[in-house]
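Single-letter residue listing:
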Amino acid sequence: SSPRMAVALIGSSGGGAATLGHTEPTQLLQTINDELSKIQGDWCLTHALFVSLHGGHGLDSENPTESTATLYAIDSNETEDKTNKSGTSVRVVQSDILVEVNETCFQMDASIAEAILGGEVKGLICVSCDPGIHSKTLEAASVMRIPVTGSGGSSLSIAVTRFDIQLVGNSGGSVATNSY
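This report concerns the structure included in the present document.

Criteria and cut-off values
Residues numbered from 1 in each chain as written. Predicted model: local features only at pLDDT ≥ 70, side-chain atom pairs only at ≥ 80, totals over all residues. Heavy atoms only, no water. Helix = DSSP H or I, 4+ residues; strand = E, 2+ residues; numbered from the N terminus. Buried < 20%, exposed > 50% of the residue type's maximum accessible area, 1.4 Å probe, protein only. Contact = heavy atoms within 4.5 Å. Areas by Shrake-Rupley, 256 points an atom, 1.4 Å probe, with all protein chains shown as cover. Pairing = 2+ DSSP bridges. Axes fitted to C-alpha atoms, helices over the stretch in contact; angles between N-to-C directions. Core = buried A, V, L, I, M, F, W, Y, C linked by side-chain atoms within 4.5 Å. Disulfide = S-S within 2.5 Å.

1. Description of the overall build of the protein
Here comes step 1: Counting its secondary structure elements, the protein contains four helices and seven strands.
Here comes step 2: Reading the protein from its N end, one meets helices and strands in the order β-α-β-β-β-α-β-α-β-α-β.
Here comes step 3: Taken across its 180 residues, the protein has 47% of its residues classed as buried.
Here comes step 4: In the protein, of all internal contacts separated by at least 6 residues, the share reaching a separation of at least 24 is 67%.
Here comes step 5: Summed over all atoms, the accessible surface of the protein reaches about 8,400 Å², with 51% contributed by carbon and sulfur.

2. Focus: the sheet that holds strand S2 (residues 43-53)
Here comes step 1: Spatial strand order, S4-S3-S2-S1-S5-S6-S7: seven strands in an open sheet with mixed pairing. The two strands at the open ends of the sheet, each matched to only one other strand, are strand S4 (91-97) and strand S7 (166-167).
Here comes step 2: Bridge count for S2 against strand S3 (residues 68-74) is six bridges, and the pairing is antiparallel. Residue pairing in the sheet places Leu-49 in a bridge with Ala-73 of S3.
Here comes step 3: Strands strand S1 (5-12), S2, S3 and strand S5 (121-127) of the sheet are contacted by helix H1 (residues 25-36), whose axis makes an angle of about 155° with S2.
Here comes step 4: Each of S1, S2, S3, S4 and S5 is contacted by helix H2 (residues 98-117), which is oriented at about 145° to S4, the strand it contacts most.

3. Things to note about the nonpolar core
Here comes step 1: Ranked by size, the top nonpolar core spans 31 residues in total, and within it Leu-124, Cys-126 and Leu-138 carry the most contacts.
Here comes step 2: Broken down by secondary-structure element, the contributors of at least two residues to this core are S1, S2, S3, H2, S5, helix H3 (135-144) and helix H4 (153-163).
Here comes step 3: It is H2 that provides the largest number of residues to this core, a total of eight residues.
Here comes step 4: When near neighbours in sequence (up to four residues on either side) are disregarded, Leu-138 contacts Ile-10, Leu-124, Cys-126, Pro-131, Ala-159, Phe-163 and Ile-165.

4. Quick notes on the state of the cysteines
Here comes step 1: Across all of its chains, the model carries zero disulfides by this definition.
Here comes step 2: Of the cysteine sulfurs around Cys-126, a residue in no disulfide, the closest is that of Cys-129, at 3.9 Å.
Here comes step 3: Judged by its relative accessible area of 2%, Cys-129 falls in the buried class.

5. As for the pairing of S1
Here comes step 1: Of all the eight residues making up S1, seven are buried; the element is thus mostly covered by neighbouring parts of the structure.
Here comes step 2: The pairing of S1 with S5 spans six bridges and is classified as parallel. Directly across from Val-7, in S5, lies its bridge partner Gly-123.

6. Concerning H3
Here comes step 1: For H3, the set of buried residues is Thr-137, Leu-138, Ala-140, Ala-141 and Ser-142.
Here comes step 2: Elements that come into contact with the buried residues of H3 comprise S1, H2, S5, strand S6 (147-151) and H4.
Here comes step 3: With its phi angle positive at about 55°, Arg-145 sits one or two positions after the end of H3.

Everything listed is a geometric property; what it means functionally is a separate question.
Here you go:
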């Protein structure tokens, strides 16, 4: 069997009213992993940090000190969970006010950056990611020149401008206009 081709995902449920995965973040991450597994070469989601705002609201109009959110994660050491046929174990890290969840996400972002810099992660998916919160991962992706794809036109354009990432297959626009 060929070695796993690890992919990381960073992001959120999005800014606008047409948010992605806000009601079922675990299912969203598992579905992305399932789709990756269909690619020749044993691709899989081994790392993820995903912030989902409660109540199905968009992040653009929320108050970070009042609105609540949950941080979901996938860690590479948890992908051997035999209870899930896809091998992807999604865990809830924290549910709190958005500013606290974002701070935890910022702290945890270093682990994905380390996996990229160590050559473990071969691709990055950005789903309405915050380039400030995920600056370490985006910088690592730039340094290692790994392919980056995703959704969320504003966040991707900032990431390209600030970090000179290698953007591929950009669908552009918002999550409302994407095919996934």
